[in-house]
Amino acid sequence: MPTFCDVALPVPLEMVFTYSVNGQLPVVGGRVLVPFRQERLSGIVTALHDRQPSMTAKTVLQVLDAEPVLDEMLIKLGQWIAQYYLAPIGEVFRTMLPLAAEIKRAKVYSITEAGHEALHASATAGSSRRSHQEIDAQMLEYAVLDYLAMSDADGALESTVRSATGASRKVLDNMVRKNWVAREDATAARDARRTVQIAVLKEVVGKLNENQQKIVSVLAEHGGRAAVQRIRELEVPRTTLATLLKRSIVELAEEAAEFNIAGLQRRGPAHLDFIFNPQQKAALQTIKNAVEQKQFSVSLLHGVTGSGKTAVYLAAMQAVLESGRSAVLLVPEIGLTPAAAANLYQVFGNEVAILHSALSGDERAEQWHRIRRGEARIVVGTRSAVFAPVPDLALIVVDEEHDASYKQEETPRYHGRDVAVMRGKLSGAAVVLASATPSIESYHNAETKKYRLIELSERVERRPLPLVEVVDMKFDFQQSGEDRIFSRQLVEEVTERLARGEQAMVLLNRRGYSSTVLCRSCGETLQCKNCSIALTYHKSGYRMECHYCAYRQAVPKVCPSCTSEYIYFLGAGSEKVEERLHAAFPQARIGRLDRDTVRTRHDFERVLNQFHAGEINLLVGTQMIAKGHDVHGVTLVGVVGADFALGFPDFRAAERTFQLLTQVAGRAGRGETPGKVVLQTWHPDHYAILFAQRHDYAGFYEKEIRYRKWMHYPPFSALANLLVRSDKLEQTLRWTGQIGRWLETTRNEGVRVLGPSVAPIMRLKRDYRYHFILKAEGREKLNATLRKLLGFAAEQKIPRTNLIVDVDALSLL
């Protein structure tokens, strides 16, 4: 029997750790709870062996799984992610498993001998001159010591200590440093299954008062059983139920909580009720053939907006399910998940599971276990759903494959689309990438025959693409003499649509009310204290907010620099657009979708349901309104500030602008009435605007691909962004200099280095940031250089957490 196991832990170290096995033998791919420094961590077992380590190995505390939670294929996928994206393997495995809720983190405090002495000394010591703050802090410390001295010998949980004494974590940390208290990690496994209490009606004996009769009637209406929460919503005293329990008229039972997979109700016929046109039939047959071959393949499903791509891949997923196999559907944002889940639920019922970060920890764990048990063979979710443990995977669909949301912006910095392709390769599954505006990289792969290209060139039922009218805001300013949010053309078009009882959407891809607040006397811009970013004014709540670190402050009455009262608000956001629309169209029923109005997944579902039902006839928002929504009543889309992104210092700026404009334009005219788009811009001659106006993806691609080739940008090179950060500017500069000199003096053939330079956002979340951009002819050369660089950084004692390596970076900010 093996006596040691290697464990991958969720720490920023690119290594595994060896532990001795005592008692139950863990399994490779299963979780164990182990001591690590002063903590207890859950990790994944990667190997079992008898090799004696060079130092004394600590012992595994608890084996959490009798069977692997990551099978051989998923372990290989995790190892590929760690190699390709240069990420610690333990952090990769943590990302792959949504089971954090099954580990209960806890710390236990107990009083030490020194603590007993300090408590005794406090009872006999006289008063001394100290500030009120010092006295308050010491009183809290003595309250903690007194509480722990009276507690159980095993100590007390941190939450209990803080609740009983009012001590903060800072106070407890200080007491640990003084050695007055000892702190131990008591992390342990917990049952994350969600349950609800059910009241069950038994035999009614004797008389009932009015309140008791209400409860019995509700239970009878619901077949003799109902959730206790439902009974507590009745206007009866809480003691009424207790009395019924005591009289044995009602008894309580615990049952597994139901999961409401989607708040969106079925709207009209399911997608599969539609009659497919010849292009859709051909596309579906191509995908079915790829699945039936049971070999890895990648197809790019490129169809104009409203061409019925969703219906095609739903039909393909239905064929997969009928064959007894499994499929995964990835969507780019949480906001799109309910709609996708509703579509799938209409077709597949309880065979559907949903995975995304807006679910609670217990809900994610519950869905994961359903998938693993084979109860749900259709999975829909955001990028992390690519790791779902589905049995016999046949098909992976990546909807809106071009979307930047598939790229994770924290370690491991993987791209969900590319990981889906690799999972398909390891599983022998067919992969379908779907988009009306494919990424330049994906379309290039299709052109070079790496992917199979499937085209849908016309809308369903031969509906026309919307007419796009470009409004030059420079000309509008010359005519009006004022800087207006809405052009005359947009106001007229909205007025006409509302008068006809139709619906309209207005896009401004900026949150808040005003994007900049400055002093008209000294010109000072109000900046975030943690970031080199201007604060955004939010009229709701009358506050300034940073959209990067969430710092907030009240709107100042005077300038912080010169004390002038002339504070000026510049720019517009979706909040101001909503206000101006209310003023311009007082009879309109206006809704707003952005990160300020959508705090939970239920907020998104509520607004979208109202829009589908016609309760809202004018919807304003950020890019959240641009993707995936199929509302047949929308005949007009207005785009305000269509070209903001063109000014970003990013080689993908034109591509992103074209994609956003084409996607939002595609929301118009999806029903019987033709649609129209009014596109306001300051750069009407830019090629991204011109091709978006013509719905001409091929033309845009040809122009953009030539630019990428000239400049050696992806897909003609492999690219990585290397970011150096620290909360101390001197330290950032020193580390940047060390890395820069290494790159200059080390021969890295086939790798070109740009930089170092200040990052476009120099300070972010209190960290000063400098970066290098590395471009290479091939990925092997790029990754080899980055691995050597990380080795050099470790030798120079540059912490791994202060060095961000973003392979295939989508954002260079």
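Small disclaimer: the values here were computed from a predicted structure and weren't measured. (Residues numbered from 1 in each chain as written. Predicted model: local features only at pLDDT ≥ 70, side-chain atom pairs only at ≥ 80, totals over all residues. Heavy atoms only, no water.)

Moving on to the overall build of the protein chain. Regarding its fold elements, the protein chain presents 24 helices and 35 strands. The C-alpha atoms of the protein chain give a radius of gyration of 30 Å, which matches the 28 Å a tight globule of 813 residues would have. For the protein chain, the spread of C-alpha atoms along the three principal axes comes to 90 × 85 × 70 Å. The buried share of the protein chain, reckoned over its 813 residues, is 52%. Residue pairs at least 24 apart in sequence account for 76% of intrachain contacts in the protein chain once pairs closer than 6 positions are excluded. A distance of 2 Å separates the average location of the 103 positive side-chain charges in the protein chain from that of its 93 negative side-chain charges. (Helix = DSSP H or I, 4+ residues; strand = E, 2+ residues; numbered from the N terminus. Rg over C-alpha atoms; globule rule 2.2 N^0.38 Å. Buried < 20%, exposed > 50% of the residue type's maximum accessible area, 1.4 Å probe, protein only. Contact = heavy atoms within 4.5 Å. Lys, Arg positive; Asp, Glu negative; His and termini not counted. Charge placed at Lys NZ, Arg CZ, Asp CG, Glu CD.)

On to helix α9 (residues 238–246). Among all positions of α9, only T240, L241 and L244 are buried. Axial view of α9: buried residues confined to an arc of 95°, hence all on one face. Residues of α9 that are exposed and point more than 90 degrees away from the buried face comprise R238, T239 and K246. Of the surrounding elements, those touching the buried residues of α9 are α7 (210–221), α8 (228–232) and β13 (250–256). S248 occupies a position one or two residues after α9 and carries a positive phi of about 65°. (Arc of directions from axis to C-beta.)

Closest axis-to-axis distance for the helix α1 (residues 72–84)/helix α24 (residues 779–795) pair is 10 Å, and the angle between their directions is 75°. On the basis of the axis angle, α1 is roughly perpendicular to α24. The segment α1 lies against α24, with A82, Q83 and Y84 engaging R779, N783 and R787. Here the contact of α1 with α24 is composed, by residue class, of two nonpolar, two polar and two charged. (Axes fitted to C-alpha atoms, helices over the stretch in contact; angles between N-to-C directions. Parallel < 35°, antiparallel > 145°, perpendicular 65-115°, else oblique. Nonpolar A, V, L, I, M, F, W, Y, C, P; charged D, E, K, R; others polar.)

It is at 9 Å that the axes of helix α10 (residues 278–292) and helix α11 (residues 309–322) come closest, and there the two elements cross at 35°. Read as a crossing pair, α10 and α11 show a hand that is right-handed. Between α10 and α11, the residues in contact are Q280, A283, L284, I287, K288 and V291 and A311, V312, A315, A316, A319 and V320, respectively. Partitioning the contact of α10 with α11 into residue classes produces 10 nonpolar, one polar and one charged. (Left-handed = near helix turned anticlockwise from the far one by under 90°.)

To continue, consider the nonpolar core. Core analysis: the largest hydrophobic core is formed by 111 residues, its most contacted members being L70, V639 and I739. Here this core gets seven residues from one element, more than from any other, and that element is α1. Beyond its immediate sequence surroundings of up to four residues, V639 is in contact with L507, L661, V664, V677, V678, L679 and Q680. In this structure, A316, V331, A394 and L395 belong to the second largest nonpolar core, which totals 34 residues. (Core = buried A, V, L, I, M, F, W, Y, C linked by side-chain atoms within 4.5 Å.)

Before going further, it helps to spend a moment on the pairing of strand β18 (residues 393–399). Most of β18 sits out of view: seven of its seven residues are buried. Pairing geometry for strand β15 (residues 326–330) and β18, over five bridges, is parallel. Bridge pairing links L330 to V398 in β18. Regarding the hand of the β-α-β motif, the stretch spanning β18, helix α14 (residues 416–427) and strand β19 (residues 430–435) is right-handed. (Pairing = 2+ DSSP bridges. Right-handed = clockwise from strand over helix to strand, strands pointing away.)

All right, on to the pattern of salt bridges then. Inspection of every chain in the model, using the stated rule, returns 48 salt bridges. Residue E158 pairs with R169 through a salt bridge whose shortest N-O separation is 2.8 Å. On the criterion of sequence distance, the pair formed by E158 in helix α5 (residues 158–165) and R169 in helix α6 (residues 169–177) is long-range, its members being 11 residues apart. The exposure class assigned to R169 is partly exposed, which follows from its relative accessible area of 45%. One network of salt bridges, in which partners are shared, links E469, E493, E496, R497, R500, E502 and K676. (Salt bridge = Lys/Arg side-chain N within 4 Å of Asp/Glu carboxyl O.)

Two measures describe an aromatic ring pair: the distance that separates the ring centres and the angle between the ring planes. Under the definition given, this model contains 17 aromatic pairs. Taking the centre distance of 4.8 Å and the plane angle of 65° together, the rings of Y443 and Y701 count as edge-to-face. One end of the pair, Y443, is in helix α15 (residues 440–447); the other, Y701, is in helix α22 (residues 697–711), and 258 residues separate them in sequence. Ring centres of Y697 and Y701 lie 6.3 Å apart, and the angle between their planes is 20°; this geometry places the pair in the stacked category. Highlighted residues: Y697 and Y701, both in helix α22, separated by four residues, approximately one helical turn. We classify Y697 as buried; its relative accessible area is 6%. When its relative accessible area of 1% is taken as the criterion, Y701 is described as buried. Aromatic rings pair up to connect Y443, F658, Y687, Y697, F700 and Y701 into one cluster. (Phe/Tyr/Trp six-rings, centres within 6.5 Å; stacked < 30°, edge-to-face > 60°.)

The next point concerns the side chain of E502. Relative to the helices and strands, E502 is located in the loop between α17 (488–499) and β22 (503–507). Side chain to side chain, E502 and R500 meet in a polar contact 3.1 Å long. (Polar contact = N/O pair within 3.5 Å; in protein donor to acceptor, adjacent residues only side chain to side chain.)

Time to look at the sheet that holds strand β31 (residues 676–681). Strands sit in the order β21-β31-β30-β22-β29-β28 across an open sheet of six strands; the sheet is parallel. In this open sheet, the two edge strands, each paired with only one partner strand, are β21 (467–472) and β28 (590–593). Adjacent strand axes in the sheet meet at a mean angle of 15° when their direction is disregarded. Pairing analysis gives four bridges linking β22 to strand β29 (residues 618–621), with the strands arranged parallel. Residue pairing across strands places M505 opposite L619, the latter belonging to β29. Each of β22, β28 and β29 touches helix α18 (residues 574–584); the most contacted strand, β28, lies at about 175° to it.

Taken over all residues, the pLDDT of the protein chain has a mean of 89, while the share at 70 or more is 94%. The model gives residues 262–271 a pLDDT under 50, and that stretch makes 24 contacts with residues more than four places away or in other chains. (pLDDT = per-residue confidence, 0-100.)

Quick look at the sheet that holds strand β26 (residues 552–554) now. In space, the three strands of this open sheet follow the order β24-β25-β26, with antiparallel pairing throughout. Strands with a single pairing partner mark the edges of an open sheet, and in this sheet they are β24 (536–538) and β26. Strand-to-strand, the axes of this sheet are offset by a mean angle of 30°, without reference to chain direction. Pairing between strand β25 (residues 543–545) and β26: three bridges, direction antiparallel. Each residue of the ladder has a partner; that of M544, found in β26, is Q553.

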